Amino acid sequence: TCALPILQSLESKCNLQATEPSDDYLSELCHGGGFALLKAYFDESGIHGGSPVCVVAGFVASAKIAYNLRADWETVLLSFGLRSFHAKDFAQRSGEFRCWSDARIRSFSVEAISAVIGAMGGGWTGAQMICVAVACEDFFALPLDERRWLTGGKFVQSSGDRRKWKKQGAPTKPYFFLLQQAVYDAVKQSEDRDFGGRYLGKGEPVNFVFDRQNEYEVTAHAIINAMRQSSSSVSERIGDVVFSSRHRATVLQVADFIAYECFGYLATLKERGEHVLSHPASRLFSYLDSREVFIDAQMLRRL
């Protein structure tokens, strides 16, 4: 089920100032360090105009797994002569992927997926893949005020049924709607469980690393701060949040790769009505413990 916090019931206590973390702090949060920590890495796909779906995807993992994944991912990049991975270049065969053949593209996908599966394993052994998505046409079919509310807006009642907005939200950016669900799922799905799989309401805090998007950072920080102050069952386990470049936090490239694969599958499903996964991608979805939420028109109306 979809469980977005009702942000409008909160008092405005959000710190809207996005500050640059220190190099030491980023190194600890993004690259390993305290192996007991849980870290979630997310990227987005489909935020461009005309996209059939918008996706926020990535994974939550123990710091030890994230550290091992970084080493395995860099080994794959090195074997293909790459400095970094960027899904947009990969899809368009531009940048470092210019002039790559179909066979080389497939070969990279196979090796990349093998590295992810090898490091993250299956079942909740310290890692889980997360994908949340919405059909853009369904989101933009909502009235403007409803899109404001779902993307972090806050209103105060005025005369009659008219609303005066204290915070405007981001009604043209479904990313912020999905961000809330991704944060909720990353924290909830990594909660401690008993032998029967039942959630125990406790666990390690989850620290979040997002790909740097200068135009999104301030709003994203405000929304996540509001989630921390809510009465949600996950609020106390939402840890620190940083926005980093994929070059400094290498495993963000893995989140980018996962978001790319999720988007490709869902876009095909939306446009053609076909459940099609390439053979390499099917391994990613089959072998990893995962949580997928596709928010359809009916769920949007309920929210």
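Residues numbered from 1 in each chain as written. Predicted model: local features only at pLDDT ≥ 70, side-chain atom pairs only at ≥ 80, totals over all residues. Heavy atoms only, no water.

**Regarding the pattern of salt bridges**
Thought 1: Applying the stated criterion across every chain, the model contains nine salt bridges.
Thought 2: Where E74 meets R70, a salt bridge forms, and the shortest distance between an N and an O atom there is 3.3 Å. Here R70 and E74 lie together in helix 2 (residues 63-79), a separation of four residues that amounts to about one turn.
Thought 3: For E74, a relative accessible area of 33% puts it in the partly exposed group.
Thought 4: Taking the relative accessible area as the measure of exposure, R70 reaches 27% and is therefore partly exposed.
Thought 5: For the salt bridge of R93 with D102, the shortest nitrogen-to-oxygen distance reads 2.4 Å.
Thought 6: By relative accessible area, which is 31% here, R93 ends up partly exposed.
Thought 7: It is possible to trace a salt-bridge network through shared partners that takes in D43, D211, R246 and D256. (Salt bridge = Lys/Arg side-chain N within 4 Å of Asp/Glu carboxyl O. Helix = DSSP H or I, 4+ residues; strand = E, 2+ residues; numbered from the N terminus. Buried < 20%, exposed > 50% of the residue type's maximum accessible area, 1.4 Å probe, protein only.)

**Digging into the pairing of strand 2 (residues 53-62)**
Successive side chains on a regular strand alternate, one facing one side of the sheet and the next facing the other.
Thought 1: The element strand 2 is extensively covered by neighbouring structure, given that ten of its ten residues are classed as buried.
Thought 2: As defined by bridge partners, strand 1 (residues 38-45) adjoins strand 2 across eight bridges and the pair is classed as antiparallel. Across the sheet, L38 pairs through a bridge with S62, a residue of strand 2.
Thought 3: Sheet analysis places strand 2 next to strand 3 (residues 127-135), joined by nine bridges and oriented antiparallel. Residue A57 lies in a different strand from strand 3, and its bridge partner there is C131. (Pairing = 2+ DSSP bridges.)

**A word on the environment of P205**
Thought 1: Take P205: it is sitting in the loop between helix 7 (175-189) and strand 6 (206-211).
Thought 2: Considered as a pair, P205 and V187 are 18 residues apart in the sequence and their alpha carbons are 7.6 Å apart.
Thought 3: If near-sequence neighbours (up to four positions away) are discounted, P205 is found in contact with L38 and R237. (Contact = heavy atoms within 4.5 Å.)

**Some words on the confidence of the model for the protein chain**
Thought 1: Confidence in the prediction of the protein chain, expressed as mean pLDDT, is 81, and 81% of residues score 70 or more.
Thought 2: The low-confidence segment residues 1-35 (pLDDT under 50) makes 91 contacts with residues lying over four places distant or belonging to another chain. (pLDDT = per-residue confidence, 0-100.)

**Looking at the sheet that holds strand 3**
Thought 1: In space, the six strands of this open sheet follow the order 7-6-1-2-3-8, with mixed pairing throughout. Two strands close off the open sheet at either side, each with one partner strand: strand 7 (238-244) and strand 8 (290-295). Pairs of neighbouring strands in the sheet enclose a mean axial angle of 15 degrees, with direction left out of account. (Axes fitted to C-alpha atoms, helices over the stretch in contact; angles between N-to-C directions.)

**What about the side chain of E44?**
Thought 1: Along the polypeptide, E44 turns up in strand 1.
Thought 2: No salt bridge forms around the buried E44; measuring N to O, its nearest opposite-charge neighbour R246 is 6.2 Å away.
Thought 3: Each residue touching E44, except ones within four places of it in the same chain, is listed here: V55, V56, Y175, Q213 and A259. (Lys, Arg positive; Asp, Glu negative; His and termini not counted.)

**Examining the packing of aromatic side chains**
Thought 1: Per the counting criterion, the structure on display carries 26 aromatic pairs.
Thought 2: Ring geometry for F42 versus F210: centroids 6.0 Å apart, planes at 25 degrees, classification stacked. Of this pair, F42 sits in strand 1 while F210 sits in strand 6, placing them 168 residues apart in sequence. As far as the burial class goes, F42 and F210 line up, both buried. (Phe/Tyr/Trp six-rings, centres within 6.5 Å; stacked < 30°, edge-to-face > 60°.)

**Points about the pairing of strand 7**
Thought 1: Most of strand 7 sits out of view: six of its seven residues are buried.
Thought 2: Looking at chain direction, strand 6 and strand 7 are connected through five bridges and run parallel. For F210, the partnering residue across the bridge sits in strand 7 and is F243.
Thought 3: Since strand 6 and strand 7 lie parallel, the crossover through helix 8 (residues 217-228) that links them has a hand, and here it is right-handed. (Right-handed = clockwise from strand over helix to strand, strands pointing away.)

**A closer look at helix 8**
Owing to its 3.6 residues per turn, the α-helix brings residues three or four apart onto one side.
Thought 1: Across its twelve residues, helix 8 extends 16 Å between first and last C-alpha, which sits within 8% of the 16 Å expected from 1.5 Å per residue.
Thought 2: Within helix 8, nine of the twelve residues are buried, which leaves it mostly tucked inside the rest of the structure.
Thought 3: Those residues of helix 8 that sit buried are E217, A220, H221, A222, I223, I224, N225, A226 and M227. (Expected span 1.5 Å × (residues − 1).)

**Re the nonpolar core**
One broad trend across soluble globular proteins is that nonpolar side chains are buried collectively.
Thought 1: Of all hydrophobic cores here, the largest spans 50 residues; its most connected members are V55, F59, W73, F85 and F108.
Thought 2: Breaking this core down by element, the ones donating at least two residues are strand 2, helix 2, helix 3 (87-92), helix 4 (102-120), strand 3, helix 9 (252-272) and helix 10 (279-287).
Thought 3: With eleven residues, helix 9 is the single largest residue contributor to this core.
Thought 4: Formed by 40 residues, the second largest nonpolar core is a distinct cluster that contains A186, F208, I224 and L300. (Core = buried A, V, L, I, M, F, W, Y, C linked by side-chain atoms within 4.5 Å.)

**Points about the packing of helix 2 against helix 9**
Thought 1: Between helix 2 and helix 9, the least distance of the axes is 9 Å, while the angle of their chain directions is 75 degrees. With respect to each other, helix 2 and helix 9 are oriented roughly perpendicular. Across from L69, W73 and L77 in helix 2, the residues of helix 9 making contact are Q253, V254 and F257.
Thought 2: Split by residue class, the contact of helix 2 with helix 9 holds five nonpolar, one polar and no charged. (Parallel < 35°, antiparallel > 145°, perpendicular 65-115°, else oblique. Nonpolar A, V, L, I, M, F, W, Y, C, P; charged D, E, K, R; others polar.)

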